[in-house]
2 protein chains.
Amino acid sequence: MYRKYFDPLDYNLSADFRLTKLSDLKADKNGYGDGQHHQGLIPESKPTPVVGIGLDSCVIPIRHGGLFLVQSTAFFYPLVDDPYVMGKIACANVLSDVYAMGAVEVDNMLMLLSTSNKMTDKERDIIMPLILQGFKECAEEAGTTVQGGQTVINPWLIVGGVATAVCTQNEIIIPENAIVGDVLVLTKPLGTQVAVNAHQWLENPDRWNRIKSVITEDDVRKAYQRAMNSMARLNKIGASLMHKYNAHACTDVTGFGLLGHAQNLAKHQKHDVSFVIHNLPIIAKMATISKACGNAFGLLQGTSAETSGGLLVVLPREQAAAYCKDIQAQEGYQAWIIGVVEKGGRTAKIIDKPRIIEVPAKDTEGELW
Amino acid sequence: MYRKYFDPLDYNLSADFRLTKLSDLKADKNGYGDGQHHQGLIPESKPTPVVGIGLDSCVIPIRHGGLFLVQSTAFFYPLVDDPYVMGKIACANVLSDVYAMGAVEVDNMLMLLSTSNKMTDKERDIIMPLILQGFKECAEEAGTTVQGGQTVINPWLIVGGVATAVCTQNEIIIPENAIVGDVLVLTKPLGTQVAVNAHQWLENPDRWNRIKSVITEDDVRKAYQRAMNSMARLNKIGASLMHKYNAHACTDVTGFGLLGHAQNLAKHQKHDVSFVIHNLPIIAKMATISKACGNAFGLLQGTSAETSGGLLVVLPREQAAAYCKDIQAQEGYQAWIIGVVEKGGRTAKIIDKPRIIEVPAKDTEGELW
């Protein structure tokens with residue numbers, strides 16, 4: 001239970017969601033991440049709440065050989081009970097921003113770590129190496145290494161990192177080319193925040209009483225396992241296949257929720273388009289919980305924060321099904337066509353009564369999905 | 001007085017020094033930053049206390065054009081009262097690790113920031129933009145930009161960053177070529193930790209009583225100003241001139257103190273050499289304070305932590321004076337020959353009674369140095 005090193009009395013929302021709380025903070029208009037344009041490439045950096053939602057990674061032309069630097073950074077507080085899995089999730093989430101740009105060959109990762117000054121030596125010696133190991137193994141799975149980083153002491157445990165890819169221009173997909181008739185694909189189900197919170201409520205009778213009439217403990221535990229599995233999964237194959245199937249734009253879904261990231265992506269399009277979302281694939285039973293909580297999570301409104309969520313990919317209509325099928329073939333995970341690109345003013349919306357897709361549709365004995 | 005967002009009751013040493021406290025933490029032997037060798041280049045990452053002292057930056061060959069990725073990251077807690085200066089210091093310190101490798105063209109910086117949940121909204125709206133501004137202006141001075149980063153909330157205020165340079169091999173100085181007869185040059189005076197702490201003691205009668213017989217309040221304030229000026233100063237010119245004067249090796253002096261970093265640099269040499277340090281340039285009066293505290297800081301032993309310290313450069317004997325003179329001409333700051341390279345077993349030491357060089361030698365009315 002190393003989560004106690006992040007004090008829920010101080011703050012009890014999921015890590016990514018907390019970020020939006022900073023959006024009031026006014027920075028110098030010329031301040032960081034506010035986007036100087038670079039040769040027509042993506043001007044803006046990773047969403048920094050300080051300056052509002054931007055795009056996923058910075059893409060910077062370097063002095064050498066027409067190459068570009070694609071970088072992202074993120075750090076997190078403990079979100080799940082298992083430190084090894086937390087390391088993997090943090091790593092997958094940092095990489096996801098780079099993958100969203102189509103860059104799949106990451107040259108290096110740095111790791112940012114803070115132990116908690118409230119840990120005993122023994123706790124620290126068990127927990128921190130597990131986080132390190134999870135982070136490192138996830139980086140290996142991504143075909144990169146973790147070389148460099150820094151560790152400090154802090155009241156709260158922190159785990160984060162930096163991903164850097166040096167790419168040729170054709171390795172990057174500038175996410176601005178959606179056209180009318182394209183479709184929207186999502187590569188992971190929504191609901192990670194709801195699952196993680198519901199799992200915490202198992203230990204909180206007040207909270208549990210609010211939802212126990214609509215869900216069983218077993219269902220919550222299973223949803224939590226699915227959320228962990230999903231958050232720790234890399235978006236690498238989804239990113240790589242964007243090149244094969246000619247994706248026109250992409251973002252990953254994290255702290256601002258599906259709609260927040262869809263709106264942000266829409267805003268950056270070259271053409272007069274809007275995104276309309278019809279379907280919401282959601283980890284099984286999480287829509288039910290969300291409704292029982294009076295939609296406080298915003299899950300069905302697309303505003304529930306996700307950690308290490310899927311890619312939201314804009315694909316030519318005739319390629320989308322093949323893209324989803326290829327992900328299924330290579331990874332064994334479903335992807336879903338969730339919406340369409342229409343003529344419009346660079347906005348995004350979810351239709352009034354979206355279709356909820358329970359993921360998985362039914363439980364299979366002994367299998368997670 | 002935004003320093004209150006780093007709680008000194010929890011930890012009252014200077015930021016860098018705290019890192020060494022983590023050195024007991026055992027990581028997986030294959031864990032991060034432990035150095036896989038890359039084509040004869042620097043195998044090891046930035047000193048990560050988790051795995052012991054390494055070298056300053058990671059240097060990683062990338063897939064394209066024989067280029068190398070040089071990266072470093074560091075983050076800090078508030079160390080000085082002025083948030084704008086703190087932003088500059090954090091930026092200068094992150095850049096310093098890359099400069100120590102001879103890489104002077106930095107392609108991008110990311111900024112890592114945490115506001116404190118103990119701040120009022122008003123404090124936050126004043127303090128955080130000042131830190132951002134300091135960081136950003138320092139990056140501009142370095143000829144790079146800050147594009148990307150993340151901001152979170154935390155009990156303690158954190159400011160840090162990532163510096164990335166993509167370099168050709170001849171832009172990097174692999175710090176392993178010291179030979180017998182070389183000399184050691186230091187480009188900033190020591191004593192930043194002592195100066196910062198002494199300045200804090202002005203508000204702590206118990207502590208102040210221990211040193212007030214040896215120093216005046218004015219002297220402490222002046223030393224603090226000098227320390228801030230020194231910590232906020234870039235090591236860029238010192239790094240750039242290493243190429244002109246054929247430096248054989250270099251490291252920057254930070255959390256492990258002059259001797260710690262000298263020993264680490266010695267350990268990585270190709271030849272059978274040792275470093276012997278004869279002179280200690282120290283911010284005026286700080287040696288006196290250190291002695292009055294029973295050498296608790298380790299300043300005269302070379303173990304006092306520095307933040308954003310100078311470069312420790314190994315130069316051919318016949319080039320060293322010209323190197324120092326050139327820094328003086330370009331920047332108006334002194335550099336000092338502090339030691340020699342002898343035959344030995346890759347260690348470093350400070351001689352028994354090193355010469356203390358007071359910096360500046362005497363006060364000039366109206367001037368800092």
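Per an unreviewed UniProt entry, chain A goes by Selenide, water dikinase and derives from Rotaria sordida.

Undergrad: What is the right way to read the sheet that holds strand β5 (residues 158–167) of chain B from this model?
TA: Strands in a sheet are paired, the pairing made by backbone hydrogen bonds, and the direction either parallel or antiparallel. All names here are of chain B. One open sheet accounts for five strands, arranged β1-β2-β5-β3-β4; its pairing is mixed. A strand with exactly one partner marks an edge of an open sheet, and here the two such strands are β1 (58–61) and β4 (146–154). Adjacent strand axes in the sheet meet at a mean angle of 15°, parallel and antiparallel pairs treated alike. Sheet topology places strand β2 (residues 68–76) next to β5; nine bridges connect them, and they run antiparallel. In the sheet register, Gln 71 faces β5, and the bridge partner there is Thr 164. Seen against the sheet, helix α2 (residues 83–99) touches β2, β3 (108–116) and β5 and runs at an angle of roughly 145° to β2. Contacting β3, β4 and β5, helix α3 (residues 121–141) crosses the sheet at an angle of about 160° to β3.

Undergrad: Explanation requested: the nonpolar core in the structure shown.
TA: Inside soluble globular proteins, nonpolar side chains tend to come together where they are buried. Residues Val 80, Met 109, Phe 275, Met 286 and Tyr 323 of chain A are the most contacted members of the largest nonpolar core, which totals 111 residues. No other element matches the ten residues that helix α2 (residues 83–99) of chain A contributes to this core. Mapping this core onto the domain boundaries places at least three of its residues in each of domain 1 (45–171) and domain 2 (182–359) of chain A. Each residue touching Met 109 of chain A, except ones within four places of it in the same chain, is listed here: Cys 91, Val 94, Leu 95, Phe 135, Ala 139, Thr 144, Thr 145, Val 146, Gln 147, Gly 148, Val 162 and Ala 163 of chain A. In this structure, Ala 74, Met 86, Ala 163 and Ala 335 of chain B belong to the second largest nonpolar core, which totals 109 residues.

Undergrad: Hey, could you run me through the domain arrangement of chain A in this one?
TA: Bring the parts together and some accessible area is lost; that lost area is often taken as the interface size. Residues and elements named next belong to chain A. Domain annotation of chain A identifies domain 1 (45–171) and domain 2 (182–359). One C-alpha centre belongs to domain 1, the other to domain 2; they are set 22 Å apart. Interface area, domain 1 with domain 2, both sides summed: about 2300 Å², of which 63% is carbon and sulfur. Where domain 1 touches domain 2, the interface holds six residue pairs in polar contact (both at pLDDT 80 or more). Listed by contribution, the elements that provide at least two residues to the side of domain 1 that touches domain 2 are α2 and α3 (121–141). No other element matches the nine residues that α2 contributes to the side of domain 1 that touches domain 2. By residue class, the composition of the side of domain 1 that touches domain 2 is 14 nonpolar, six polar and seven charged.

Undergrad: How should the environment of Asp 81 of chain B be read in this particular structure?
TA: All names here are of chain B. Its place among the elements puts Asp 81 in the loop between β2 and α2. Given a relative accessible area of 18%, Asp 81 falls into the buried group. Linking Asp 81 and Glu 342, residues 261 residues apart in sequence, is a C-alpha distance of 42 Å.

Undergrad: I'm lost on helix α4 (residues 192–201) of chain B in this one. Help?
TA: Residues spaced three or four apart along an α-helix point in a common direction, a consequence of the helix completing one turn every 3.6 residues. Taken across its ten residues, α4 of chain B has nine buried, putting it largely inside the fold. Of all the residues in α4 of chain B, the buried ones are Thr 192, Gln 193, Val 194, Ala 195, Val 196, Asn 197, Ala 198, His 199 and Trp 201 of chain B.

Undergrad: I tried to follow the UniProt feature "domain: PurM-like C-terminal" (unreviewed entry) in chain A on my own but got confused; where do I start?
TA: With numbering matched to this structure, UniProt assigns "domain: PurM-like C-terminal" (unreviewed entry) to residues 180–348 of chain A. Measuring from the first to the last C-alpha atom of residues 180–348 of chain A gives 13 Å, for a span that is 44% helix and 20% strand.

Undergrad: Looking at this structure, I do not really get the pairing of strand β6 (residues 183–186) of chain A. What am I missing?
TA: A regular strand carries its side chains on alternate faces of the sheet. All names here are of chain A. Of the two faces of β6, the one lined by Val 183 and Val 185 and the one lined by Leu 184 and Leu 186 are each fully buried. When β6 meets strand β9 (residues 311–315), the two strands line up antiparallel, connected through four bridges. If you follow Val 185 over to β9, its bridge partner there is Val 313.

Undergrad: What should I look at first to understand the packing of helix α4 (residues 192–201) of chain A against helix α6 (residues 217–232) of chain A in this one?
TA: What describes two packed helices is the angle between their axes and the distance between those same axes. All names here are of chain A. Their axes nearest at 8 Å, the elements α4 and α6 cross at an angle of 135°. One element, α4, and the other, α6, form an angle in the oblique class. Helix-helix and strand crossings are classified by hand; for α4 and α6 the assignment is left-handed. Touching Thr 192, Ala 195, Val 196, Ala 198 and His 199 of α4 are Val 220, Arg 221, Ala 223, Tyr 224, Ala 227 and Met 231, all from α6. For the contact of α4 with α6, a count of residues per class yields eight nonpolar, two polar and one charged.

Undergrad: So what exactly am I meant to see when it comes to the sheet that holds strand β10 (residues 336–343) of chain A here?
TA: Residues and elements named next belong to chain A. The six strands lie next to each other as β7-β9-β6-β10-β8-β11, forming an open sheet whose pairing is mixed. This sheet does not close on itself; its edge strands, each paired only once, are β7 (249–252) and β11 (348–359). For this sheet, the mean inter-axis angle between neighbouring strands, taken without regard to orientation, is 20°. As paired strands, β6 and β10 are joined by four bridges and run antiparallel to one another. The residue bridging Leu 184 from the neighbouring strand is Gly 339, located in β10.

Undergrad: In this structure, what is going on with the packing of helix α7 (residues 236–244) of chain B against helix α10 (residues 317–331) of chain B? I would like to understand it.
TA: All names here are of chain B. Where α7 contacts α10, the axes come no closer than 10 Å and their chain directions differ by 140°. Considering the angle they form, α7 stands oblique to α10. In this structure, the crossing between α7 and α10 has a hand that is right-handed. Of the residues in α10, those in contact with Ile 237, Gly 238, Ala 239, Leu 241, Met 242 and Lys 244 of α7 are Tyr 323, Asp 326, Ile 327, Gln 330 and Glu 331. Its residues assigned to classes, the contact of α7 with α10 shows six nonpolar, two polar and three charged.

Undergrad: When you look at the side chain of Ser 308 of chain B in this model, what are you seeing that I'm missing?
TA: Residue and element names in this part refer to chain B. Take Ser 308: it is sitting in the loop between α9 (286–292) and β9 (311–315). Taking the relative accessible area as the measure of exposure, Ser 308 reaches 1% and is therefore buried. Contacts of Ser 308, omitting those with residues within four sequence positions, involve Ile 89, Ala 92, Asn 93, Lys 188, Ser 230, Met 231, Arg 233, Val 253 and Thr 254.

Undergrad: Would you mind showing me how to read the pairing of β9 of chain B here?
TA: Residues and elements named next belong to chain B. Of all five residues making up β9, five are buried, and the element is well covered by its neighbours. Judged by which residues are buried, β9 turns out to be covered on both faces: Leu 311, Val 313 and Leu 315 on one side and Leu 312 and Val 314 on the other are all buried. Sheet topology places strand β7 (residues 249–252) next to β9; four bridges connect them, and they run antiparallel. Of the residues in β9, the one forming a bridge with Ala 249 is Val 314.

Calculation criteria
Residues numbered from 1 in each chain as written. Chains lettered and ligands numbered in written order. Predicted model: local features only at pLDDT ≥ 70, side-chain atom pairs only at ≥ 80, totals over all residues. Heavy atoms only, no water. Pairing = 2+ DSSP bridges. Helix = DSSP H or I, 4+ residues; strand = E, 2+ residues; numbered from the N terminus. Axes fitted to C-alpha atoms, helices over the stretch in contact; angles between N-to-C directions. Contact = heavy atoms within 4.5 Å. Core = buried A, V, L, I, M, F, W, Y, C linked by side-chain atoms within 4.5 Å. Buried < 20%, exposed > 50% of the residue type's maximum accessible area, 1.4 Å probe, protein only. Domains from an automatic or database assignment. Buried area = accessible area lost by both parts, 1.4 Å probe. Polar contact = N/O pair within 3.5 Å; in protein donor to acceptor, adjacent residues only side chain to side chain. Nonpolar A, V, L, I, M, F, W, Y, C, P; charged D, E, K, R; others polar. UniProt positions renumbered as here; feature names shortened; annotations may be inferred. Parallel < 35°, antiparallel > 145°, perpendicular 65-115°, else oblique. Left-handed = near helix turned anticlockwise from the far one by under 90°.

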